[in-house]
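Spelled out from the first residue to the last, the chains are:
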Amino acid sequence: HLLLCSCFPSLCVAAVLVLYFKYFIGWDNDLSTTIYHTFVALCYLTPILGAIIADSWLGKFKTIVYLSIVYTIGQVIMAISAIHDITDTNRDGTPDNMTFHTAMSMLGLMLIALGTGGIKPCVAAFGGDQFEEHQEKQRSTFFSIFYLSINAGSLLSTLITPILRAQECGIYSKQSCFPLAFGVPAALMVVALIVFIAGHSMYIMESPKGNILLRVMKCIGFAIKNRFNHRSKQHPKREHWMDWAEEKYDKLLIAQVKMVLKVLFLYIPLPMFWALFDQQGSRWTLQATTMDGNFGAFIIQPDQMQIVNPILIVIMVPIMDSAVYPLIKKCHINFTPLRRMTVGMLLAALAFVAAALLQIQIDVSNRYLASSNDYMTLDTENITVSAGGKNATAYFQKSTRHTVLINTDGMLQTVSATFSFFLNHANFTIVNEEGQTCHYILQLGFGSSYTVLIPSTFSFGESVTIQDIEPNGIHMAWQVIQYFLMTCGEVVFSVTGLDFSYAQAPSNMKSVLQAGWLLTVAVGNIIVLIVAEAGSLPDQWAEYVLFASLLVAVSIIFAVMAYFYTYMDPMEIEAKFMELDPEEKKRKELGMTTKDNLAYVNNETSNNTDDKQMKI
């Protein structure tokens with residue numbers, strides 16, 4: 001039941017979201033990127049809220065159920081928002097009220113972000129609750145399968161969702177089927193939720209015990225307030241500023257908070273890594289739309305290139321664990337966790353250098369050949385429609401892709417162009433005043449641009465197309481290089497970072513550091529949307545170089561911080577504050593069971609795949 005709940009939510013909107021913004025809503029690349037990363041940031045902020053609700057109020061089971069319903073409603077609303085026929089009153093293929101579709105999509109995305117907050121922090125921990133203390137082997141097997149199920153969801157989302165989107169659907173006019181791409185995941189989520197609820201009688205459900213995150217925040221707040229109230233010189237200094245909480249909180253909790261803050265301080269540079277990593281779903285996808293996706297017998301959609309990441313993850317994780325790390329150890333190289341994370345950040349920067357080099361080649365191949373000044377040129381994304389004659393009048397609507405040309409000779413010629421970039425063809429029907437028709441089918445190459453030219457002297461049989469930009473010869477396969485470098489960086493950075501955080505965290509505060517880790521992902525996406533909105537770089541390759549340079553600078557800062565970091569043994573530090581019966585003291589003061597702790601252990605390990613849930 002839990003595996004269904006973990007796999008199907010991955011089939012969601014992120015795989016096609018940026019293309020939905022650009023081609024359906026009509027936003028430009030920068031605004032599409034901004035809204036995409038705002039959504040991703042919200043998806044990584046709301047798990048903190050979900051954890052608080054589960055631990056302090058509803059419990060894990062009810063939190064998963066209630067917020068999964070919210071998640072599903074959000075998916076349904078997104079599917080409805082993508083149905084262009086709802087507001088297409090004149091049946092011309094164009095929504096007449098784009099404000100309605102935009103508002104609906106924003107509401108749907110907010111509900112999805114809220115819903116995923118209840119799923120992310122609870123499902124893995126709830127799965128761990130189902131095993132007794134002596135069932136360590138079974139618990140380990142469950143989390144291994146859980147890890148694979150999330151990767152399976154990621155593979156399905158990046159493979160199937162773009163295929164669904166590439167279908168043509170509609171009542172009055174056929175267009176890319178975004179409603180199907182959003183609706184199918186909603187239906188699958190309903191199935192997963194029904195199965196999950198059906199098994200409730202078999203589950204072990206523990207009552208909420210209070211949220212440790214809130215206790216930590218209150219302890220920190222009291223220490224700051226007490227220090228401010230005793231800021232005069234007459235009060236003796238204390239070894240650590242958290243010691244000012246001793247008047248209200250016990251020394252064990254204070255010592256644990258100190259350990260958490262020490263690790264959180266290392267988190268400060270980490271958002272920059274996620275700023276680059278999550279652009280796989282935005283900038284890199286937009287880059288792929290300008291490349292050749294023809295793989296012979298089949299055509300790869302631009303948003304399907306993201307599938308390279310989960311495939312490489314499945315391959316790279318065992319290779320790193322069983323071959324690379326042991327080999328480094330045999331070479332007597334002290335490859336500490338923090339050094340691994342530094343290498344991972346540098347690999348991500350190198351991936352963006354590769355993306356920049358590729359973008360330069362794309363830009364060179366996309367140079368526009370100037371059109372004649374004798375014609376009025378109007379762009380329809382990849383097709384240019386020109387009206388010949390000095391006194392010609394052209395009526396043009398971009399979203400409908402219909403152009404009516406009227407010339408001074410009194411001859412009425414209508415060009416009806418049905419065009420879809422992802423199907424790589426355009427259909428033209430030319431009708432003269434006598435009712436004669438001529439049909440043209442223009443095969444379009446990736447990244448190409450054509451001019452449809454109908455002069456006043458046009459007669460049937462003449463060629464009406466001029467190629468302005470040759471089809472892009474840069475193949476999508478070249479993106480595999482940057483995906484490979486980014487995936488290597490992810491494996492070294494993300495997996496190692498989660499293991500390091502767990503090893504350095506107090507036994508009852510794994511969830512606190514998990515919340516901090518998710519927060520770095522959210523902040524990273526906020527950095528992207530700030531650069532996308534405020535940046536004034538004229539070329540996309542320059543933006544890639546900017547991000548790579550920033551991450552290299554941050555990597556150097558992180559390396560210096562890591563050099564001065566002293567590794568801790570949390571159990572040894574906690575033991576100093578224990579009484580004669582450490583185990584009894586531990587149960588009373590930490591307010592936890594061994595089962596909870598082991599659930600959190602596996603939760604931390606499996607949560608490195610939350611990146612996959614956000615693809616989603």
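See the structure shown above.
Just so you know, these numbers come straight off a predicted model, no measurement behind them.

J.: Could you give an account of the overall build of the protein, with specific residues and numbers?
T.: Helix and strand counts for the protein stand at 21 helices and 11 strands. Per-residue burial for the protein yields a buried fraction of 54% across its 616 residues. Sequence separation of at least 24 residues holds for 74% of the intrachain contacts in the protein that already meet a minimum separation of 6. Carbon and sulfur atoms provide 63% of the accessible area of the protein, an area that totals close to 27100 Å².

J.: An account of the state of the cysteines is needed here, citing residue identities and associated values.
T.: Note: disulfide means a covalent bond formed between the sulfur atoms of two cysteine side chains. Under the defined criterion, the tally for this structure stands at one disulfide. Disulfide pairing is shown between Cys-169 and Cys-177; the S-S distance is 2.1 Å. Since a negative S-S torsion denotes a left-handed disulfide, the Cys-169-Cys-177 link at about 105° is right-handed. Its relative accessible area of 21% is what places Cys-169 among the partly exposed residues. According to the relative accessible area criterion, Cys-177 is buried, its value standing at 5%.

J.: Mind laying out the packing of helix 9 (residues 212–229) against helix 10 (residues 251–267), listing which residues take part and the relevant values?
T.: The N-to-C vectors of helix 9 and helix 10 enclose an angle of 95°; their axes lie 11 Å apart at closest approach. It follows that helix 9 is roughly perpendicular to helix 10 by the angle criterion. Between helix 9, through Arg-215, Val-216, Cys-219 and Ile-220, and helix 10, the contact on the second element is made entirely by Leu-253, Ile-254, Val-257 and Leu-261. In terms of residue class, the contact of helix 9 with helix 10 is made up of seven nonpolar, no polar and one charged.

J.: Help me get a handle on the pattern of salt bridges, residues and values and all.
T.: If you walk through the whole model with that rule in mind, you get four salt bridges. The shortest N-O distance in the salt bridge between Arg-283 and Asp-30 comes to 2.8 Å. Residue Arg-283 is found in helix 12 (residues 283–288), and its partner Asp-30 is found in helix 3 (residues 29–58); the two are separated by 253 residues along the sequence. A relative accessible area of 3% places Arg-283 in the buried class. Between Lys-258 and Asp-243 there is a salt bridge, and its shortest N-O distance comes to 2.7 Å. Placement of the pair is Lys-258 in helix 10 and Asp-243 in the loop between helix 9 and helix 10, with a sequence separation of 15 residues.

J.: Account for the environment of Phe-484, with residues named and values stated.
T.: One can find Phe-484 in helix 15 (residues 479–504). Residue Phe-484 is classed as partly exposed on the basis of its relative accessible area, which comes to 38%. It is 9.4 Å that separates the C-alpha atoms of Phe-484 and Ile-313, two residues lying 171 residues apart in sequence.

J.: Can you lay out the side chain of Gln-287 for me, pointing to particular residues and giving the numbers?
T.: Position of Gln-287 among the secondary structure elements: in helix 12. What makes Gln-287 buried here is its relative accessible area of 3%. Residue contacts for Gln-287: discarding those within four places in its chain leaves Ala-355, Leu-358, Gln-359, Ile-362, Gln-479, Gln-482 and Tyr-544.

About the thresholds
Residues numbered from 1 in each chain as written. Predicted model: local features only at pLDDT ≥ 70, side-chain atom pairs only at ≥ 80, totals over all residues. Heavy atoms only, no water. Helix = DSSP H or I, 4+ residues; strand = E, 2+ residues; numbered from the N terminus. Buried < 20%, exposed > 50% of the residue type's maximum accessible area, 1.4 Å probe, protein only. Contact = heavy atoms within 4.5 Å. Areas by Shrake-Rupley, 256 points an atom, 1.4 Å probe, with all protein chains shown as cover. Disulfide = S-S within 2.5 Å. Axes fitted to C-alpha atoms, helices over the stretch in contact; angles between N-to-C directions. Parallel < 35°, antiparallel > 145°, perpendicular 65-115°, else oblique. Nonpolar A, V, L, I, M, F, W, Y, C, P; charged D, E, K, R; others polar. Salt bridge = Lys/Arg side-chain N within 4 Å of Asp/Glu carboxyl O.

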